Amino acid sequence: MSNDNIVLYERKPLPTKLPLLGWSLLLIGVVLTFLAFSTDNVRASYNLIIVLMWVFSIGFGSLFLIALEHIVGSDWSVPFRRLSEILAAVLFATPLIALPLFLNLDQVFSWLNPVILDSDKYVKNKSPYLNESFFVIRNIFVFLVMFLFYFLLVGRSLRQDKTGKADTKKWSTKISAIFMPIFAILITVVAMDWLMSLEPKWFSTIFGVYYFAGSVLTALAVLTFIAITLAENGYISKYLTEDHFYNFGALMFAFTNFWAYIAFSQFMLIWYANIPDETMWYMQRGGEGWMTISLGLIFIRFLIPYMALVTRPSKSNPFRLKIIAVWVFIAHYYDLYWVIMPEYTKKTELHAPVYSWFEFTVPILVLGVIIVVFSLVAGKKNLMPIGDPKFRKGLEFHL
Amino acid sequence: MDNKILHSVTAIFHTPDDIIKAAKAVVKAGYKKFDVHTPYPVHGMDQAMKLKRSPLGYFAFALGVIGATLGLLLMYWTMTVDYPLNIGGKPTFPLPAFVPVTFEITVLLASVATVVSMIVIFFKFPNNSHPLHDTEYMKQVSSDKYGLTIEAADPNFDFEKVKDFLSKIGGTNVEAIYYDNDEINSKLTLLEPKFLTGLAVISVLVITITYFSLNKLMFMQPFNWMMDQQKITAMKVSTFFDDGFSMRLPVEGTVARGFKPYPYPDSVELASRVLVNPLEFSDVNLENGKRKYNTFCSPCHDYHGNGVARLNGQFPNPPSLHTDKVREWSDGHLYHIITVGQNTMPSYDKQLTQEEKWQVILYVRALQRALNAQEGDLQ
């Protein structure tokens, strides 16, 4: 590989079937969503929040992975940075997804309900933060800041493909360092606004971290799946080795444990203190059919991925990694369903978990968004950051 | 040199790539008994040396499972079976609270036991010598060089050939390592006086330090700040109140929640006329009345109310509760006696709640009826 004439990466156009698949999924998803909103706009709104938070996870998580690479200066991930950069573009879909929600805020957020505001002083005391105009302003601000950092982090990297300028690295590192604390605040705001405030009386200071852990895990899973699939079909460099993929496995393993750690910390502290204001959230998820879902979360999100990733061969075998990545991706849906839907069923007569075509729209829409954005953005670009001075080093990476 | 036994031949390499290449070459040449020493784990070495997958993982896993089980059993036995405590109204088997401890014990046992078994199995404890110890080779490979040794025990071993081979694949400082005769001949046993003395010294040290830190250190500044607070401790002399009592009576006129003060402390007649037992005969009331009667009244009045009881001889015997007089008294009268006392009988106002007093009275009535059963009681 020391010979410079060897081509490390050659652009190969993505199959035309891909956009077709994406657009048709997206179309079905959008039609179903419209149908859902006209049938039962409360239930449709709750499901759309799942879509929003799922897509957010992928976009935000990818942005985090890019910044992480710049800050710690890792080599192995350089060949995959472009894929994260493409995936982070799903962030541009989030305002569109959020639009119907902004129009239906009073359907989901009980802190907008005048009856509850009057009767519950705890909710009323939170109204300086939880009120319609501040909510909208703050979330638009979040979108804008995200876009800003997307352009700052990704734009230069794209231009570097042609210029090959080495000082891009320095700039990106600085931007990433500024991004990190802002990212921490933004993701906490997002998690609190869209997930925690569904039950306005409840609060948990660790909740932002909880959502963050799941988000990075999801972004990693999507990245792993796409990277391996592309590598298998020859769309990215053929010099990738098992050692590269091992890192994906190791990171997914680490974040699976991190998620479990955070989820358990949140649960145990609330369980121990036993204060009604805090336990109510778990009581809701411990009764009337939800208990099974809650226990299932332990297995689906932690024990099964843990066991699947614990040995060394499973971390470096691309085929197994792909399956685990799909699992982790779906587990995030399970997690979000578990966080969001009890707040919906609480309002209905049923109380028990519900699942029908309303809920099934969610994965269709999310897959549609990912594939469409990916094929749109990736279509015109190199799939690897060929201008990065560390690109070769990254390819030559060995454990 | 002649009488020395050869252990191995060593060679030094300078980069991780070199040592990996060397390991591959050694495998290719067919040597089985060789080893590589590096200052840090060099990735890819396992494959280069064609090592089988280490069973260590399974070993650690099994130990971890044992640790988790033991930890849970320990907590289950102490907290749930042997000495159940109510902590904050939690169940006596509070699984979430056990999780962190179980996790710690799992990790502890898995790691400590793995290290200990390595010392015992691979280093053949109490053996503490190895021919490579104290060699220039060892010094180098534990700082910044990479080393490879081919042992004399290898079936293909030939001294000259191995030396040539190692230089050929790029090794420098090719050296022969011999067993140290003193080390082979010395027989170390666990009962070595030096070892035992060392053990004794360590034990004494550990005990002293433990004793000091638990019994002295914790009572010194600033560790005692949490303990010595400016607060009243039960049964301690108070420097704050003039009379020196820490435990205080409630302020005059204090009324407990749900408690009504007794309105007729001076008048039996009024009490016996006005007060009516609000309770009815029921299993619960009689059961509780019996419990309270047996606790508070039976020492003097006996379990059946005949007046000769466990305090017989130490306290004036009370009259029987089965006299016609007492039987004809109203419940209010008995209530007054329990609340205020009568002559030598003290008041039981503080020990019994208002409801309990009425329950005790019901029970006394039941006792009286038992000795004077009437026809029809069986129905």
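How each quantity is defined
Residues numbered from 1 in each chain as written. Chains lettered and ligands numbered in written order. Predicted model: local features only at pLDDT ≥ 70, side-chain atom pairs only at ≥ 80, totals over all residues. Heavy atoms only, no water. Buried < 20%, exposed > 50% of the residue type's maximum accessible area, 1.4 Å probe, protein only. Helix = DSSP H or I, 4+ residues; strand = E, 2+ residues; numbered from the N terminus. Pairing = 2+ DSSP bridges. 1 Å grid on protein atoms, 1.4 Å probe; cavity = no way out; pocket = protein on both sides within 12 Å on 5 of 7 lines; lining within 4 Å. Points joined across faces, edges and corners; volume = space filled by probe spheres on them. Nonpolar A, V, L, I, M, F, W, Y, C, P; charged D, E, K, R; others polar. Phe/Tyr/Trp six-rings, centres within 6.5 Å; stacked < 30°, edge-to-face > 60°. Lys NZ or Arg CZ within 6 Å of the ring centre and 35° of its normal. Core = buried A, V, L, I, M, F, W, Y, C linked by side-chain atoms within 4.5 Å. Contact = heavy atoms within 4.5 Å.

Another aspect to go through is the pairing of strand S1 (residues 6-13) of chain B. Residue and element names in this part refer to chain B. Where burial is concerned, most of S1 is hidden: 8 out of the 8 residues are buried. Inspection of the sheet shows S1 paired to strand S4 (residues 172-178) by 5 bridges, in the antiparallel sense. Paired with Ile-12 across the bridge in S4 is Thr-172. Where S1 meets strand S3 (residues 146-151), 6 bridges bridge the pair, whose relative direction is antiparallel.

As a further point, take empty space enclosed by the protein. Residue and element names in this part refer to chain A. A full pass over the atoms with the stated rule returns 2 cavities of 30 Å³ or more. Of the voids in this model, the largest cavity is the one considered here, and its volume is about 70 Å³. Thr-33, Ala-36, Ala-44, Asn-47, Leu-48, Val-51, Phe-358, Thr-361, Val-362 and Leu-365 are the residues that line the largest cavity. Among the secondary structure elements, those contributing two or more residues to the lining of the largest cavity are helix H1 (17-39), helix H2 (41-72) and helix H16 (357-379). Looking at side-chain class alone, the lining of the largest cavity contains 7 nonpolar, 3 polar and no charged residues. In this structure, the second largest cavity spans a volume of roughly 50 Å³. Lining the second largest cavity, in full, are Leu-195, Phe-207, Tyr-210, Tyr-211, Gly-214, His-332, Asp-335, Leu-336 and Val-339. Looking at side-chain class alone, the lining of the second largest cavity contains 6 nonpolar, 2 polar and 1 charged residues.

The next point concerns the packing of aromatic side chains. Taken as a whole and assessed by the stated rule, the structure comprises 56 aromatic pairs over all chains. When the centroid spacing of 4.8 Å and the interplanar angle of 65° are considered together, the rings of Phe-80 of chain A and Phe-248 of chain A count as edge-to-face. A residue pair is termed long-range when its members are at least 10 positions apart, and Phe-80 of chain A in helix H3 (residues 78-87) and Phe-248 of chain A in helix H11 (residues 242-273) qualify at 168 residues. Looking at Phe-80 of chain A, the relative accessible area reads 1%, which means it is buried. Joined through ring pairs, the aromatic side chains of Phe-56, Phe-60, Phe-64, Phe-143, Phe-149, Phe-179, Phe-183, Phe-212, Phe-255 and Phe-258 of chain A make up one cluster. In this arrangement the basic side chain of Lys-12 of chain A is found over the ring face of Tyr-235 of chain A, its NZ or CZ atom lying 4.6 Å from the centre. If you follow Lys-90 of chain B out to its NZ or CZ, it ends over the ring of Trp-271 of chain A, 5.1 Å from the centre.

The next subject is the nonpolar core. In this structure, Met-53, Phe-56, Trp-194 and Leu-383 of chain A are the most contacted members of the largest nonpolar core, which totals 138 residues. Of the residues forming this core, the biggest block, 19 residues, is contributed by H2 of chain A. Excluding anything up to four places from it in sequence, Trp-194 of chain A contacts Ile-49, Leu-52, Met-53, Leu-101, Phe-102, Phe-109, Phe-135 and Asn-139 of chain A. The next biggest cluster of nonpolar side chains, apart from the first, holds 23 residues, and it includes Leu-6, Ile-19, Val-42 and Met-49 of chain B.

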